[in-house]
Structures are given as structure tokens and as C-alpha cells.
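Structure assessment
Below are the chains, spelled out letter by letter.
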Amino acid sequence: MSGRNLKCQRWFLGINMLILGLFLNTEMSFAQNRLTPAKTSNNQQRNSAQQSTNPTSANALRTNSGVARLAGQGNVSANPAASTNLNNAASPATTQSTISSPDQQMSPELKAKLQEAVDKFNKSDIAGSLKILKEMSQTNPEIIPPRLILAQWFSQLKNRNAVRVSLEMATEESPNDPEAYLLLAEISLQQGELTAAELLFQKGEQILSQYSVNADRKKALTISLLRGKMNLMQLRKRWAEMQQMLANLIQIQGESPELCRLIALSFFHQNQDAQARNWFVRADSLSKGEGMPADGMMAQLYISRGDLAKAKESIIAAQKAYPKSTDVLSLSIMMAINENDLDAAWNLVQKLYQEDSKSLNVLKTMGNVALFRSDFAQAQQAFQEVVRQSPIDSEAVNGLALALCEQNDPEKKKLALQYATSNIQKQDNNREFLATLGWTLLQAGETDKAKQILQQSAADGQLNAATAYYFAVLLAQNQQNDEAKKLIEAALASKAPFFKRQAAINLLNQL
């Protein structure tokens with residue numbers, strides 16, 4: 001068999017796997033993911049409530065339980081803050097805890113020693129810094145384990161490997177302290193290592209049950225444990241266990257809109273819809289009108305379940321109760337897109353714009369609906385305004401690249417490629433952005449590069465309907481019509497709406 005034929009067979013095998021991945025892909029629709037994007041800073045308080053209440057967003061429902069966010073750069077600083085996790089590592093001046101309780105104060109002598117440890121750390125004298133931290137911990141039992149302090153400092157430098165090594169060594173050097181196990185569990189959870197996370201949570205919980213050094217710290221770590229396990233149960237779809245974690249959290253922290261909505265989610269996934277709605281209503285009363293109302297939440301969940309009839313009933317109820325709510329209007333637009341009623345979607349966008357014309361989120365919604373209507377000039381205008389005001393908004397940059405590359409203008413296609421490339425430079429593993437880059441390359445006539453990037457976007461065998469269409473166009477250009485037809489049929493069989501659906505239908509008819 002020739003090398004060329006072997007290469008083609010491998011390519012066909014890969015495409016077949018992608019088709020299978022498309023049928024199995026459970027990601028939410030384009031409208032769901034992109035017509036209700038993260039809100040802008042103009043309405044920060046209201047928007048943060050909305051972000052935490054979208055039941056179709058995995059990130060929105062995974063509560064913040066202390067996962068190490070490895071951000072920031074430069075030197076570290078020492079400040080005896082209340083937090084004992086790695087979650088505040090967002091800038092070089094981030095406060096980090098070295099004591100086990102916020103009520104405890106450090107003596108001037110202890111502060112001076114800590115600053116000495118920081119100075120050595122910032123000069124890359126890790127061994128010298130660790131030596132000082134160990135001396136401090138021997139004479140001051142309120143100090144958290146030295147390796148945990150190092151992990152916090154490494155987190156400020158975005159040194160993920162050093163963070164994990166420090167935590168691993170903390171489990172050996174301080175085997176009776178549970179925090180390193182809990183943080184390692186959360187890091188594993190963040191990286192999708194669910195079995196490892198579960199085992200680490202179990203070990204951390206066992207040690208925490210015997211921990212008695214400081215009651216306040218034990219309470220904080222118990223909350224972190226419960227939230228971490230709740231996230232794990234959600235990912236495992238063990239809804240009853242998730243519900244139990246939430247009940248335990250409410251016992252400790254009291255009810256909050258966030259916890260009530262998560263309990264509602266667990267009831268919904270156990271097919272107890274009435275109970276779910278009751279808990280959403282309970283959340284509404286606690287949130288004082290912030291975020292999506294109960295019927296809107298139920299509508300989103302019904303959409304995720306594929307029950308569009310009940311979703312529509314819930315949306316109508318939400319519209320009657322909150323006719324001017326931008327959240328409800330956004331949801332109504334999403335429903336209109338799902339029903340392929342693009343005129344209704346556009347009318348709702350106009351109404352949404354009247355209610356909140358300064359919102360970047362509204363402009364992104366307008367741009368996305370314009371993409372669906374193939375009004376690429378309008379989409380370009382909307383996304384350009386968002387990018388002008390917020391150049392780091394990757395979703396808007398992605399939408400702008402799509403709007404530009406669809407227009408019959410070589411300069412715009414070139415600009416689209418620049419925007420798509422810039423997004424990948426910021427988020428090189430984002431599947432959607434990779435697919436957009438592949439499409440802009442294909443539109444620019446760079447077929448080989450397009451093929452490479454599109455393959456990369458579906459390296460795990462999963463792709464959405466729009467990406468399947470991009471692949472199909474590439475195959476059709478290479479006269480591989482049978483494989484192209486399979487991909488288009490798979491894309492059209494998907495319930496998820498995508499802005500190239502009509503183009504896919506047209507291409508299928510041509511093939």
C-alpha cells in the first residue's frame with residue numbers, strides 16, 4: 001500500500017471518529033453558550049449573579065472551593081491574611097496566609113522572619129526560605145505548614161509544577177494537616193482527574209475529622225471539603241450525594257441564592273421538577289431580584305433536557321412576570337434561535353438593546369443573532385464595538401473573526417485571520433477558537449493549515465455542528481464527498497442550532 005493511500009485511510013478513520021464524536025457530543029448549543037455570554041463590568045453586581053445562576057453552565061455551577069488559580073507574576077509578598085488557600089493568587093501583591101486563623105496576629109518578630117523568608121524566596125533561594133519557614137513553624141504552632149506557604153508563593157508566580165510539588169511534599173512533611181490533600185484534590189478536579197480527586201478528598205476528609213489544632217481553620221477547611229466534594233458529585237452526576245453536600249453547607253453557612261439554586265439543580269436532575277422550581281423561587285427571595293428568575297432557570301434546564309415545550313412554557317411565564325428583564329429577554333432570544341425563528345430573535349434583540357444599549361453583553365448577543373441571520377456586516381459592527389471597548393473579550397474577538405471571514409472582501413478575510421490567530425495565542429487549547437481559526441484559514445485559501453488546525457480542534461474526537469460543517473467543506477474541496485456528506489448529516493442531526501445550518505443544507509444538496 002502506498003504512503004499516500006495509507007495517509008488517506010488514516011484521514012478517513014479520523015473523520016469517522018469525529019462523526020461519532022459529534023453524535024455523542026453533549027455540549028450545549030451555540031445559542032446557549034454564546035447568546036448568554038459572561039457579562040461585562042458595566043453591570044458587575046447584576047452580572048455576577050447571572051453568571052452564578054445559569055444552570056446550563058458547568059463553570060457557573062461549580063462553586064469556588066479553593067482551587068489554586070495560578071495567576072500573577074513577579075515577586076511575592078508576605079501578608080498574614082485570613083485565607084489559607086491558594087485562591088487569591090491573582091497578582092504579585094496578593095495577600096497570603098501564614099497563620100491558621102484570621103483572628104490571630106503575628107508578632108513583629110514573626111513578621112520580620114516571614115519577610116526574610118520572602119526575600120530569600122524572591123532571590124530564588126528556595127532552600128533558605130524553606131529553612132526559615134520551618135524554624136518559624138517549630139516555635140509557632142499557629143503557622144500553617146511551610147510547604148503550603150511555599151505553594152502559595154509559587155502560585156503567585158504561575159509556577160504550576162512547583163505548586164503541585166510543594167503540596168505533595170506537604171503531605172509527607174505534615175501528614176496530620178489536611179489542607180494539602182484538599183488542595184491537591186481540587187487541582188485534580190480542575191484538571192478532570194476525577195478518580196484522583198475523589199481519593200484525595202477521602203484522605204483529606206479522614207485527616208480533617210481528627211484535626212483539632214484550630215476550630216476556625218477546621219470550619220474553613222470543612223467548607224472547602226464540602227464544596228469540593230459537591231463539585232465532584234456534580235461532575236460524576238451523583239445528584240443525591242451532591243444534594244447532601246449542599247445540605248451540609250447550608251447547616252454551616254446558612255442559605256444563600258447560590259446554594260439554593262444548586263439544590264434546585266440536583267432536584268431537577270433527579271426528575272423532581274416541582275421541587276427544583278420551589279428551590280429556585282427560594283433563591284429568588286434571597287437574591288432580591290438579582291439574576292435569572294425561577295421560571296427562567298427552569299427554562300434553561302428544560303432546554304438542556306431537550307424538552308422545548310416545557311422550556312417555552314417557562315419562558316412565557318418568566319416574560320409575563322418580568323417583561324423588561326434583560327436576562328429573560330436573552331433567554332427568549334435563545335429559545336427563538338432554537339426554534340429557528342430568526343425574525344423573532346432579531347425583534348427581541350432590538351427590544352433588549354432598548355432596555356440596555358450600553359451593555360457589551362447585549363452587543364455580543366446582537367452580533368451572534370446577526371451571524372445566524374447571515375447579516376455579517378451587522379455582526380461585524382456589533383462585535384467591533386465590543387472589541388473596541390474590551391479588546392480582551394475573546395468571545396467578541398471570535399465572533400468578529402467569523403463575521404469578517406464570511407464577507408467577500410480579501411482585506412476583511414485577512415483581518416479575520418489576524419483576530420482568530422490572536423485568540424489562539426491567548427487560549428491555545430480552546431476548541432471553539434481553534435475551529436474558528438481553521439475556518440478563517442480555509443476561507444483565506446490556506447487549506448493545509450486549515451486541515452491541521454481543524455484536526456487539532458477535534459483532537460479528543462469531539463466537535464460541534466459548526467466545526468463538522470467546516471470539516472465537510474474542507475473534504476468537499478478535496479472531492480471527498482462521501483465523507484463530507486457523513487459529517488453534514490451528523491451536523492444537521494444535532495439538535496444544537498449553529499449559524500451555518502442553512503449553508504450545510506445547501507452543501508448537502510450539492511453533494
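Not measured: the values here are computed from a predicted model.

Things to note about the side chain of D177
- With respect to the secondary-structure elements, D177 resides in the loop between α8 (160–173) and α9 (179–190).
- What makes D177 buried here is its relative accessible area of 10%.
- At 3.1 Å, the side chain of D177 and the backbone nitrogen of E179 are in polar contact.
- Among the polar contacts made by the side chain of D177, one reaches the side chain of R217 at a distance of 2.6 Å.
- Apart from the residues within four sequence positions on either side, D177 is in contact with P145, L148, I207, Y211 and R217.

Quick notes on the confidence of the model for the chain
- Mean pLDDT over the chain works out to 79, with 79% of the residues at or above the 70 mark.
- Taken as a whole, residues 1–74 scores under 50 in pLDDT and shows 185 contacts with residues more than four places along the chain or in a different chain.

A closer look at α9
- Between its first and last C-alpha atoms α9 spans 16 Å; for 12 residues at 1.5 Å apiece the expected length is 16 Å, and the two agree.
- Buried residues dominate α9, accounting for 11 of its 12 residues.
- For α9, the full list of buried residues reads E179, A180, Y181, L182, L183, L184, A185, E186, I187, S188 and L189.
- Structurally, α9 contributes buried residues whose contacts are with α7 (146–156), α8, α10 (194–210) and α11 (215–236).
- After α9 finishes, the residue G192 shows a positive phi value of roughly 80°.

Examining the packing of helix α17 (residues 326–338) against helix α18 (residues 342–355)
- It is at 8 Å that the axes of α17 and α18 come closest, and there the two elements cross at 165°. It follows from the interaxial angle that α17 and α18 lie roughly antiparallel. At the point where α17 passes α18, the crossing takes the left-handed sense. Along the contact surface, α17 presents T326, L329, S330, S332, I333, A336 and I337, while α18 presents L342, A344, A345, L348, V349, K351, L352 and E355.

Quick look at the environment of V281
- Relative to the helices and strands, V281 is located in helix α14 (residues 273–287).
- In this structure the C-alpha to C-alpha distance between V281 and R261, which are 20 residues apart in sequence, comes to 8.9 Å.

Concerning the packing of aromatic side chains
- On inspection of all chains with the given rule, the structure shows 6 aromatic pairs.
- Ring geometry for F121 against F154: centres 5.0 Å apart, planes inclined by 65°, an arrangement best described as edge-to-face. Here F121, found in helix α5 (residues 108–122), pairs with F154, found in helix α7; they are 33 residues apart in sequence, far enough to count as distant. For the pair shown, F121 and F154 are each scored as buried.
- For the pair W439 and Y470, a centre-to-centre distance of 4.6 Å together with 15° between the ring planes defines the contact as stacked. Within this pair, whereas W439 is found in helix α23 (residues 431–443), its partner Y470 is found in helix α25 (residues 465–477), the two being separated by 31 residues in sequence. Take W439 and Y470: they sit in the same class, and that class is buried.
- Seen from the ring of W279, R282 lies directly overhead, with NZ or CZ sitting 4.2 Å from the centre.
- Positioned above the aromatic ring of F268, the side-chain terminus of R305 is 3.8 Å from the ring centre.

Focus on the nonpolar core
- Judged by nonpolar contacts, the single largest core of 77 residues is most densely connected at L133, W153, L167, F201, M242 and L246.
- By size, the runner-up hydrophobic cluster in this structure holds 67 residues, among which are L402, L404, L437 and L474.

Rules used throughout
Residues numbered from 1 in each chain as written. Predicted model: local features only at pLDDT ≥ 70, side-chain atom pairs only at ≥ 80, totals over all residues. Heavy atoms only, no water. Helix = DSSP H or I, 4+ residues; strand = E, 2+ residues; numbered from the N terminus. Buried < 20%, exposed > 50% of the residue type's maximum accessible area, 1.4 Å probe, protein only. Polar contact = N/O pair within 3.5 Å; in protein donor to acceptor, adjacent residues only side chain to side chain. Contact = heavy atoms within 4.5 Å. pLDDT = per-residue confidence, 0-100. Expected span 1.5 Å × (residues − 1). Axes fitted to C-alpha atoms, helices over the stretch in contact; angles between N-to-C directions. Parallel < 35°, antiparallel > 145°, perpendicular 65-115°, else oblique. Left-handed = near helix turned anticlockwise from the far one by under 90°. Phe/Tyr/Trp six-rings, centres within 6.5 Å; stacked < 30°, edge-to-face > 60°. Lys NZ or Arg CZ within 6 Å of the ring centre and 35° of its normal. Core = buried A, V, L, I, M, F, W, Y, C linked by side-chain atoms within 4.5 Å.

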